[in-house]
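# Survey of secondary and tertiary structure
For reference, the chains in residue letters:
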Amino acid sequence: KAGVTQTPRYLIKTRGQQVTLSCSPISGHRSVSWYQQTPGQGLQFLFEYFSETQRNKGNFPGRFSGRQFSNSRSEMNVSTLELGDSALYLCASRPTGTEGGEKLFFGSGTQLSVL
Amino acid sequence: AQSVSQHNHHVILSEAASLELGCNYSYGGTVNLFWYVQYPGQHLQLLLKYFSGDPLVKGIKGFEAEFIKSKFSFNLRKPSVQWSDTAEYFCAVSGLSGGSYIPTFGRGTSLIVHP
């Protein structure tokens, strides 16, 4: 089985621009979560989608949004980029029935640099 | 709200030294506890988990962790580290939210093991 795939691997943007990141979960996984990873803050939860519905949301401003498609692929969008948005954005998927988070599978991430 | 505190941000050891990484959490209900590891250039992956039962849990590669409920702690240990244990280690706690368990991660501990 292919793992969680995130594209692109690297992105360089300038302040004020917007960006869309993509995540393809492992086949059969319906839950997709997004995290922001920075050296000072570790991993911070952005949101979780399940069957095209946002099920949970972290404490991020409205500039961060996401969606999930019927094939479970997910995208996250960041509008009006700020320098502080520079981070590694991780996507994770898990199969149905493991809501305790036992089987959380992470992608390699998208490294976003905002100049 | 749940939170996780990792006491050591950077740890440097020589091979064969013993390792203990501290993790404390706060949450008002039943929690699931995890340690994840991120080896250089690799995905985050699950090292070990605690849901219930024996508070001493064993994970991959000789790691173990002990859940001490009275101290709200879940420290990671390994009796003898190897150079290949060089990685970033994240403690995580998940509590029920919106019908699923969302892991909250600590800021991570960077472990460097010198050969």
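Residues numbered from 1 in each chain as written. Chains lettered and ligands numbered in written order. Predicted model: local features only at pLDDT ≥ 70, side-chain atom pairs only at ≥ 80, totals over all residues. Heavy atoms only, no water.

It is worth spelling out the confidence of the model for chain B at this point. Confidence in the prediction for chain B averages 91 pLDDT; 97% of positions are at 70 or higher. Ranking the elements of chain B by mean pLDDT puts strand E11 (residues 100-105) of chain B last with 82 and strand E3 (residues 19-21) of chain B first with 97. (pLDDT = per-residue confidence, 0-100. Helix = DSSP H or I, 4+ residues; strand = E, 2+ residues; numbered from the N terminus.)

Turning to the interface of chain B and chain A, a few remarks are in order. The partner chain A presents 21 residues to the 21 residues of chain B that form the contact. Of the roughly 1,700 Å² buried where chain B meets chain A, counting both sides, 52% is carbon and sulfur surface. At the boundary of chain B with chain A, the tally comes to 0 salt bridges. Inspection of the chain B/chain A interface yields 4 residue pairs in polar contact (both at pLDDT 80 or more). Top element by residues in the side of chain B that touches chain A is E11(B). It accounts for 5 residues. Each residue belonging to the side of chain B that touches chain A can be placed in one class, and the counts come to 10 nonpolar, 9 polar and 2 charged. (Contact = heavy atoms within 4.5 Å. Buried area = accessible area lost by both parts, 1.4 Å probe. Salt bridge = Lys/Arg side-chain N within 4 Å of Asp/Glu carboxyl O. Polar contact = N/O pair within 3.5 Å; in protein donor to acceptor, adjacent residues only side chain to side chain. Nonpolar A, V, L, I, M, F, W, Y, C, P; charged D, E, K, R; others polar.)

The next subject is the state of the cysteines. Evaluated as defined, the whole model comprises 2 disulfides over all chains. In this model, Cys23(A) is linked to Cys91(A) through a disulfide, with the two sulfur atoms separated by 1.8 Å. A torsion of -60° about the S-S bond marks the disulfide between Cys23(A) and Cys91(A) as left-handed. With Cys23(A) in strand E3 (residues 19-24) and Cys91(A) in strand E9 (residues 87-94), this pair connects stretches of sequence that are 68 residues apart. According to the relative accessible area criterion, Cys23(A) is buried, its value standing at 0%. A sulfur-sulfur separation of 1.9 Å characterises the disulfide bridge that pairs Cys23(B) with Cys91(B). Measuring handedness by torsion sign, the sulfur bridge of Cys23(B) and Cys91(B) sits at about -65° and is left-handed. Pair noted here: Cys23(B) is in strand E4 (residues 23-26) and Cys91(B) is in strand E10 (residues 87-97), with a separation of 68 residues, a long-range link. For Cys91(B), a relative accessible area of 1% corresponds to the buried category. (Disulfide = S-S within 2.5 Å. Buried < 20%, exposed > 50% of the residue type's maximum accessible area, 1.4 Å probe, protein only.)

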